[in-house]
Amino acid sequence: MRPNDSFVDAVAENLLDRLEDCKKSFPTALCLGGSLEAVRRLLGGRGGIEKLIMMDTSYDMIKLCKDTEKDVHNENIETSYIVGDEEFLPLKESSVDVVLSCLGLHWTNDLPGSMIQCRLALKPDGIFLGAILGGETLKELRIACTVAQMEREGGISPRISPLAQVRDAGNLLSRAGFALPGVDVDEYVVKYQSALELIEHLRSMGETNALLQRNNMLNRETALATAAIYDSMFAAEDGTIPATFQVIFMTGWREHSSQQKAKRRGSATVSFKDIQKKFGNGN
Amino acid sequence: MKERNSTSTLKRILVNCSAQVKEYGGCVAAKVPEVERDMCLKEFLALKTCMLKTLQGKV
């Protein structure tokens, strides 16, 4: 992974900022794979984290993080490292205060299942903060690829694996049983010198396997056609090409009695008619 | 291995054949959203010729 990737850093910053928005502190944190290196590096003491558990499915990734531990000045934080699968969290229930996942969950096969596991790992009133890539991501690349395939091959086949739509995010949070779910979206448009630079960037972010279905390798001619068409359709005046990355931020809490809840249906004590009578009709 | 070479090979082609790339890309972009198979075949063949020359010349 390329160090100090500004797009990934921007997303990690956004995610970590949300810890500041909460009044409480989160002594124990679980950081799930994806961009966990960026999250740790940019933590900067936010959230009052004292114990950090870093988890990724890749042993190499964990090793990299462990080896660079001294470069990240988090001396006050007790860090531990696990190689594990977010679909089978090796954690006790109600053991962490916050679960952070920065651009990792869109890789997961069983996303709803993983999110349920995250919720269970949280202590009551614990928070889940996740950032995933949304459906608008790389729309320019998908368009160029589709057009290229139609012109060169006469048909299209899916090349980019499905990404969550914003409307799905809310459902995911509720299905996982999170209280007070929140979803918001940010679009980042990154400029590249050429379509090739984009592909190289995706490779270094480790996204190519997730985004480009491997069994449908793009043949060389169609790849060439894609690059040419991307340039012609989307290039700016200065020759750079834009690529959209849509990031969906999801927040959810493990239920706790202190949290406000929607009232039970039928428990209203005042009717709209009464309110209308009191304040008069019309505007 | 195909994977290892693919990006830098593609790069060489795009640099060497930039004129043909522009011609082909421009042809397709002008017709979008009406896209039919081989509608820019002539331009693509010019690009392909240049691509093969590039690969033969350097490989």
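Reading the values: rules and limits
- Sequence positions are assigned chain by chain, starting from 1 and proceeding in written order.
- Numbering of ligands from 1 and lettering of chains from A proceed in the order in which they are written.
- Since the coordinates come from a predicted model, pLDDT governs what is reported: local features require at least 70, and pairs of side-chain atoms require 80 or more to be given and counted, while whole-chain, interface and lining totals use all residues.
- To get the side-chain values, all heavy atoms of the structure are used, and hydrogens and water are removed first.
- What we call a nonpolar core is a set of buried Ala, Val, Leu, Ile, Met, Phe, Trp, Tyr and Cys residues that are connected through their side-chain atoms within 4.5 Å.
- Throughout, exposure labels follow a simple rule: accessible area from a 1.4 Å probe, protein chains only, divided by the maximum for the residue type, with under 20% read as buried, over 50% as exposed, and the rest as partly exposed.
- Contact definition: two residues touch when any of their heavy atoms are within 4.5 Å.
- Two cysteine sulfur atoms make up a disulfide if the distance between them is within 2.5 Å.
- Labels follow the DSSP assignment, with helices taken as runs of H or I lasting at least four residues and strands as runs of E lasting at least two, numbered in each case from the N terminus.
- Computed with a 1.4 Å rolling probe, the buried area is the accessible surface lost when two parts are put together, summed over both parts.
- Salt bridges are defined by distance alone: a side-chain nitrogen of Lys or Arg within 4 Å of a carboxyl oxygen of Asp or Glu.
- N or O atoms within 3.5 Å of each other form a polar contact, as long as, within protein, one can give a hydrogen and the other can take it, and as long as residues adjacent in sequence are counted only when both atoms are side-chain atoms.
- Note that Gly is not counted as nonpolar here; it falls among the polar residues with everything else outside the nonpolar set of Ala, Val, Leu, Ile, Met, Phe, Trp, Tyr, Cys and Pro and the charged set of Asp, Glu, Lys and Arg.
- Only C-alpha atoms enter the line fits that serve as axes; for helices the fit covers just the stretch in contact. Angles between N-to-C directions range over 0 to 180 degrees.
- Orientation labels follow simple angle bins: below 35 degrees gives roughly parallel, above 145 gives roughly antiparallel, 65 to 115 gives roughly perpendicular, and whatever is left gives oblique.
- Crossing handedness is read from the near helix: turned anticlockwise from the far helix by less than a right angle, it gives a left-handed crossing, and turned clockwise, a right-handed one.

Chain A appears in an unreviewed UniProt entry as Methyltransferase type 11 domain-containing protein from Quercus rubra.

Re the nonpolar core
Across soluble globular proteins, nonpolar side chains show a tendency to be buried alongside one another. Formed by 75 residues in total, the largest nonpolar core has its most connected members in A:F7, A:V11, A:L198, A:F245, A:V247 and B:Y24. If near-sequence neighbours (up to four positions away) are discounted, A:F245 is found in contact with A:F7, A:L133, A:T137, A:L138, A:D186, A:E187, A:Y188, A:V190, A:Y192, A:L198, A:L202 and A:M205. Counting residues in each nonpolar core, the second largest holds 23 residues, with A:L111, A:L122, A:F128 and A:L172 among its members.

A closer look at the state of the cysteines
Residues and elements named next belong to chain B. Going through the model one piece at a time under the given rule, you end up with 2 disulfides over all chains. At a sulfur-sulfur separation of 2.0 Å, the disulfide partner of C17 is C50. The S-S bond linking C17 to C50 shows a torsion near -90°; that makes this disulfide left-handed. Of this pair, C17 sits in the loop between α1 (2-16) and α2 (18-31) while C50 sits in helix α3 (residues 41-58), and the two are 33 residues apart along the sequence. When its relative accessible area of 13% is taken as the criterion, C50 is described as buried. Linked covalently through their sulfurs, C27 and C40 form a disulfide whose S-S length is 1.9 Å.

Regarding the interface of chain B and chain A
Listed by partner, the interface residues are 28 residues for chain B and 20 residues for chain A. Roughly 2,300 Å² is buried in total at the junction of chain B and chain A, and carbon and sulfur atoms are behind 66% of that figure. Across the contact surface, chain B and chain A share 2 salt bridges. A:E221 is the partner of B:K48 in a salt bridge, and the nearest nitrogen-oxygen pair spans 2.7 Å. Summed over the shared surface of chain B and chain A, the number is 10 residue pairs in polar contact (both at pLDDT 80 or more). Counting residues per element, the ones that place at least two in the side of chain B that touches chain A are α1, α2 and α3 of chain B. It is α1(B) that provides the largest number of residues to the side of chain B that touches chain A, a total of 8 residues. When its residues are assigned to classes, the side of chain B that touches chain A shows 16 nonpolar, 5 polar and 7 charged.

Considering the packing of helix α4 (residues 111-121) of chain A against helix α6 (residues 166-175) of chain A
Residues and elements named next belong to chain A. As a packed pair, α4 and α6 sit with axes 9 Å apart at the nearest point and diverge in direction by 50°. Here α6 runs oblique to α4, going by the angle between their axes. Our pair here, α4 against α6, has a crossing hand that is right-handed. Contacts from L111, P112, M115 and I116 in α4 reach L172, L173 and R175 in α6. Taken together, the residues of the contact of α4 with α6 break down into 6 nonpolar, no polar and 1 charged.

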